[in-house]
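Take a look at the letters that make up each chain.
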Amino acid sequence: MIKYIDLFAGIGGIRLGAVQALEKMQLHSKCVLSSEIDEKACETYGLNFGEKPQGDIKKITEITPFDFLLAGFPCQPFSYAGKRRGFGDTRGTLFFEIERILEKYRPKAFLLENVRGLRTHDHGRTFETIMLKLHNLGYGTSELILNSSDFGVPQNRVRLYILGIYGATPAMNLMTNLGAVDSHKYKSTYQQLSIFDNAQKRVCTVGEILEPVVPEKYFCSPEFTEQLHSVMGDDLSKLHGYRLIDYRGGQSLHSWELGKKGRCTSSEIEFMNLLIQNRRKHNFGTQQDGKKLTLSQIKTFYKDDDIMGVITSLIEKGYLKEEDGRYNPVCGNMSFEVFKFLDPDSVSITLTSSDANRLGVVQNNIPRRITPRECARLQGFPDTFILNPIDGLAYKQLGNSVSVPVVELVIYDFLKNNIDVLGWTEKYPVAAS
């Protein structure tokens, strides 16, 4: 029986994927330690795995010998990274706890999961430090950057996976692939089965994971719905793919168009939209968001004679502010009930713990927020997985989790290509078919 530990466990997404991969290989497994510091996440973990994870990993000193370490560790800045050309000390970071456990117990293999930005953090020195530490402990490594949308998960989620074997370098069939850069690119080029031959399609687009009927508590408020109608007309399906954001142009809706602080005239809306479109241009300075423009700069793109009346009205309504003769939009992005309406024919943007509860869809011409169960499906969790009964906690926990099918296929590929090197079929004979 393969013994494994589940560190920084969250609600157990990595464990779930690992168990499914081991079962595919007909290898029995047992978790001998799970660790998670968030009490609410521990409660959800307990509902699904029948055990409450131990708390702070820093306080765990004794572990039953194990074969496989799993860890979706947080990426803390390295206090010492950058010194001595990046070959710094990892003490004071959570990776150090992984390093400590690997050094003491020397399991045969590990899987680490993190954001792709870990590779470039501190000009690559942080990642260089981590890999040096792993190699110095005797582990050969292989790393992949993969997009969940390539694995039948309807979410554009790019993550880094590091696999290691003690005394050997892992062989892998899977290769780094960033996938479609956004939902629009996915819609035009990636609406097909996964590019990986051994991947099985579960879901592919947002529309396939939507519940046919949802409680009205997830519907947008009548006031917000009316504001959307005032801009889009009767057919709210036009909102598919729209972002509600005050500092971007393109396929976006803004607070002044919706009239959230008071109705705006067509001239005021035109002024604000032109300001948003033009203030990011380099001829007004290299700064992007937050750039303030002078009246003379604004007059280069807003040429109507009513400019001062428009500016005065927008300042009074709270859409525009002036500081030392320079003008800047007053952004109210957090006030939107939904900040992104997902396109049912494409994939979701990346879920995060802070705003998974404000992703929306238009279904049967009704604008609403996605439900926690739909959020779980966007991460590839099966419907048998028990979610936290408090919606706010469920959204947060799912935004912090992993895409289960990706973990499953990464580990399955790892096991399939390295089973002889791992020696687990000899140590733990394969179960009878």
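Everything here concerns the structure above.
Predicted model only: the values in this text are computed from it and were never measured. (Residues numbered from 1 in each chain as written. Predicted model: local features only at pLDDT ≥ 70, side-chain atom pairs only at ≥ 80, totals over all residues. Heavy atoms only, no water.)

### A word on the sheet that holds strand S10 (residues 293-294)
Quick reminder of the rule: Strands pair, by our definition, only if DSSP identifies at least two bridges between them. Helix and strand assignments follow DSSP, with helices taken as H or I runs no shorter than four residues and strands as E runs no shorter than two, numbered in order from the N terminus. Contact criterion: two residues are considered in contact whenever any of their non-hydrogen atoms come within 4.5 Å of each other. Axes here mean lines fitted to C-alpha atoms, for a helix over just the part in contact, with angles spanning 0 to 180 degrees between N-to-C directions.
Taken in spatial order, the three strands make up an open sheet running S10-S12-S11, and their pairing is antiparallel. With partners counted over all chains shown, the strands left at the sheet margins are S10 and strand S11 (320-323), one partner each. One ladder, built from four bridges, connects S11 with strand S12 (residues 326-329); its direction is antiparallel. If you follow Leu320 over to S12, its bridge partner there is Pro329. Sheet contacts for helix H10 (residues 307-317): S11 and S12; angle to S11, the most-contacted strand, approximately 105 degrees.

### Regarding the nonpolar core
Selection criterion: Take the buried residues of types Ala, Val, Leu, Ile, Met, Phe, Trp, Tyr and Cys, join any two whose side-chain atoms come within 4.5 Å, and each joined set is a nonpolar core. Think of it in three bands: residues with accessible area under 20% of the maximum for their type are buried, residues over 50% are exposed, and the middle band is partly exposed, with areas taken using a 1.4 Å probe on protein chains only.
Judged by nonpolar contacts, the single largest core of 63 residues is most densely connected at Phe68, Leu111, Val410, Ile411, Phe414 and Leu415. Of the residues forming this core, the biggest block, eleven residues, is contributed by helix H13 (residues 404-422). Non-local contacts of Leu415, meaning those with residues more than four positions away in its chain, are made with Ala21, Leu22, Met25, Leu422 and Trp424. By size, the runner-up hydrophobic cluster in this structure holds 30 residues, among which are Leu7, Leu118, Phe127 and Leu160.

### Let's talk about a negative patch on the surface
Keep this limit in mind: Two distance rules govern patches: like charges are joined within 9 Å, and nonpolar side chains (Val, Leu, Ile, Met, Phe, Trp, Tyr) within 5 Å, applied only to residues with over 30% relative accessible area and no salt bridge. Using a 1.4 Å probe, the Shrake-Rupley method yields the accessible areas, and only the shown protein chains count as cover for residues. Counted as salt bridges are all cases of a side-chain nitrogen of Lys or Arg within 4 Å of a carboxyl oxygen of Asp or Glu. As used throughout, the charge tally considers Lys and Arg to be positive and Asp and Glu to be negative, leaving His and the chain termini uncounted. Lysine's charge is taken at NZ, arginine's at CZ, aspartate's at CG and glutamate's at CD.
A surface patch of like charges, here negative, comprises Glu270, Asp304, Asp305 and Asp306. A relative accessible area of 38% places Asp304 in the partly exposed class.

### Comments concerning the pairing of strand S1 (residues 2-7)
Put simply, the test is: If you view a crossover with the strands going away from you and the path from the first strand over the helix to the second runs clockwise, you call it right-handed.
Of all six residues in S1, five are buried; the element is thus mostly enclosed. Pairing of S1 with strand S2 (residues 29-34), which is carried by five bridges, proceeds in the parallel orientation. For Lys3, the partnering residue across the bridge sits in S2 and is Lys30. Following the backbone out of S1, through helix H1 (residues 13-24) and into the adjacent parallel S2, one traces a crossover that is right-handed. Summarising the sheet, S1 and strand S3 (residues 68-71) pair through four bridges and their orientation is parallel. Counterpart to Leu7 in the pairing with S3 is Ala71.

### Structural notes on the packing of H1 against H13
Which entries qualify depends on this criterion: Here the word oblique covers every angle except those under 35 degrees (roughly parallel), over 145 (roughly antiparallel) and from 65 to 115 (roughly perpendicular). Left-handed is the label given to a crossing in which the near helix is rotated counterclockwise from the far helix by less than a right angle, and right-handed is the label when the rotation is clockwise. The residue classification treats Ala, Val, Leu, Ile, Met, Phe, Trp, Tyr, Cys and Pro as nonpolar and Asp, Glu, Lys and Arg as charged. All others, Gly included, are polar.
Where H1 contacts H13, the two axes come as close as 8 Å, and the packing angle between them is 40 degrees. The orientation of H1 with respect to H13, classified from their angle, is oblique. For the crossing formed where H1 meets H13, the hand is right-handed. For the pair H1 and H13, contact is made by Gly13, Ile14, Leu16, Gly17, Ala18, Gln20, Ala21, Leu22 and Lys24 and by Val404, Val407, Glu408, Leu409, Ile411, Tyr412 and Leu415, respectively. Here the residues of the contact of H1 with H13 sort into eleven nonpolar, three polar and two charged.

### Digging into H13
Every α-helix carries 3.6 residues per turn, so stepping three or four residues along brings you back to the same face. Selection rule: In this scheme, a helix's expected span is set at 1.5 Å multiplied by one less than its residue total. What is called the bend at a residue is the angle between a pair of axes, fitted to the seven residues leading up to and ending at it and to the seven starting from it.
Its 19 residues give H13 an end-to-end C-alpha distance of only 23 Å, which falls more than 12% under 27 Å, the value for a rise of 1.5 Å per residue. By the largest-angle criterion, Lys416 marks the main kink of H13, which is about 50 degrees. For H13, a buried count of 15 out of 19 residues is recorded, marking the element as mostly surrounded by other parts of the structure. With its phi angle positive at about 75 degrees, Gly423 sits one or two positions after the end of H13.

### Brief notes about the environment of Gly207
Considering the arrangement of structural elements, one finds Gly207 in the loop between helix H5 (183-189) and helix H6 (222-232). As a C-alpha pair, Gly207 and Pro344 span 137 residues in sequence and 4.1 Å in three-dimensional space.

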